[in-house]
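Structure assessment
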Amino acid sequence: MPRKPSYDRDALIDRARDVFWRQGWAGTSLKDLERELKLNPGSFYAAFGSKDALYALALQRYAQEGVARLTALAERLGAKGALQEQPRLVIEATGAPAKACMLAKTYAELQAKDHELAGQAGVHMAEMKACFADLFRRAQEAGEISPDHDPERLATRYQSDLLGLRLSAERSNVDARAVAADIAADIDRL
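Residues numbered from 1 in each chain as written. Predicted model: local features only at pLDDT ≥ 70, side-chain atom pairs only at ≥ 80, totals over all residues. Heavy atoms only, no water.

**Some points on the nonpolar core**
- In terms of nonpolar packing, the biggest core is built from 29 residues, with F20, L37, F48, L54 and M102 touching the most fellow members.
- When contributions to this core are tallied by element, the ones reaching two or more residues are α1 (9-23), α2 (30-37), α3 (41-48), α4 (51-92), α5 (102-110) and α6 (116-141).
- Ranked by the residues each element gives to this core, the list is headed by α4, at seven residues.
- F20 has contacts with T28, L33, K51, L54, Y55, A58 and M102, leaving out every residue within four places of it along the chain. (Core = buried A, V, L, I, M, F, W, Y, C linked by side-chain atoms within 4.5 Å. Buried < 20%, exposed > 50% of the residue type's maximum accessible area, 1.4 Å probe, protein only. Helix = DSSP H or I, 4+ residues; strand = E, 2+ residues; numbered from the N terminus. Contact = heavy atoms within 4.5 Å.)

Structure follows, in structure tokens:
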């Protein structure tokens, strides 16, 4: 009978996500992962199969957590309130390995290589954009945003603004808080 693993697979995926988010795909070696996850090579391959398979799990976890946070925020603040609060939250996240979006970093790093993980990151970004579009629609239905705007176009612009904000938050010479406030204020003008 095979032995039951002595590790928490979900916790390992979380730790791997943070390494990948901070260092990127190319910047993370198998040795880095084995050291961070405290797994020997055989256990690593038994648990995840490959670096790419673990990276895909980490991307999925990152995306799922982002959608869950946004959903909870909308339940608490309403659709428009969530859209306005999100920019501040992404730059003030403490304990995050990086401010820049892991999905965007992955896409930028691997798209030119036509790597399958770039495609997965693109799918997850499209899912997040769909969440934004849903929030814009809900804000329109509540009369908080003019129905004259296309929610899909608003979501595309909003996601682009957030991705730029997150990258700007990595730079010491940019006042990311002011940019986040501007993004939130722009929603009031819709």
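Next, the rest of the story.
**So, α5**
- All buried positions along α5 are accounted for by M102, L103, T106 and L110. Down the axis, α5 shows its buried residues gathered within 100° of arc, on one side only.
- Those residues of α5 hidden inside the fold are in contact with α1, α4 and α6. (Arc of directions from axis to C-beta.)

**Things to note about the environment of V67**
- Along the polypeptide, V67 turns up in helix α4.
- Residue V67 is classed as partly exposed on the basis of its relative accessible area of 27%.
- Separated by 64 residues in the primary sequence, V67 and C131 have C-alpha atoms spaced 7.3 Å apart.
- Setting aside residues up to four positions removed in sequence, V67 forms contacts with M128 and C131.

**Focus on the packing of aromatic side chains**
- In this structure the tally under the stated criterion is six aromatic pairs.
- Arranged with centres 4.3 Å apart and planes meeting at 55°, the rings of F20 and Y55 form a pair that is tilted. Of the two residues, F20 is situated in helix α1 and Y55 in helix α4; the sequence distance between them amounts to 35 residues.
- According to the relative accessible area criterion, F20 is buried, its value standing at 1%.
- Judged by centre distance (5.7 Å) and plane angle (85°), the rings of F136 and Y158 are edge-to-face. Placement of F136 in helix α6 and of Y158 in helix α7 (residues 151-168) is noted, with a sequence separation of 22 residues between them.
- Classification of F136 as buried rests on a relative accessible area of 2%.
- Joined through ring pairs, the aromatic side chains of F44, Y45 and F48 make up one cluster.
- In this arrangement the basic side chain of K51 is found over the ring face of W25, its NZ or CZ atom lying 4.4 Å from the centre. (Phe/Tyr/Trp six-rings, centres within 6.5 Å; stacked < 30°, edge-to-face > 60°. Lys NZ or Arg CZ within 6 Å of the ring centre and 35° of its normal.)

**Some words on the environment of L165**
- Within the secondary structure layout, L165 lies in helix α7.
- Measuring from C-alpha to C-alpha, the distance between L165 and R88 comes to 9.7 Å, with 77 residues separating the pair along the chain.
- Other than its neighbours up to four places away in sequence, L165 contacts P87, V90, I91, A176, V179, A180 and I183.

**Digging into the side chain of D32**
- Counting through the fold element by element, D32 comes out in helix α2.
- Using a relative accessible area of 18% as the deciding quantity, one classes D32 as buried.
- In this structure the side chain of D32 is engaged in a polar contact, spanning 3.4 Å, whose partner is the side chain of Q23.
- Apart from the residues within four sequence positions on either side, D32 is in contact with Q23 and G27. (Polar contact = N/O pair within 3.5 Å; in protein donor to acceptor, adjacent residues only side chain to side chain.)

**With respect to the confidence of the model for the protein chain**
- Confidence in the prediction for the protein chain averages 95 pLDDT; 97% of positions are at 70 or higher.
- Taken element by element, the predicted model of the protein chain shows its lowest mean pLDDT in α3 (92) and its highest in α6 (98). (pLDDT = per-residue confidence, 0-100.)

**Topic: the pattern of salt bridges**
- For the structure on display, the rule yields 17 salt bridges.
- Linking D14 and R17 is a salt bridge whose minimum nitrogen-to-oxygen distance equals 3.4 Å. Here D14 and its partner R17 are both found in helix α1, three residues apart, which amounts to about one turn of the helix.
- Across the pair K80 and D188 runs a salt bridge, and its minimum N-O distance is 2.9 Å. One end of the pair, K80, is in helix α4; the other, D188, is in helix α8 (residues 176-188), with 108 residues separating them in the sequence. (Salt bridge = Lys/Arg side-chain N within 4 Å of Asp/Glu carboxyl O.)

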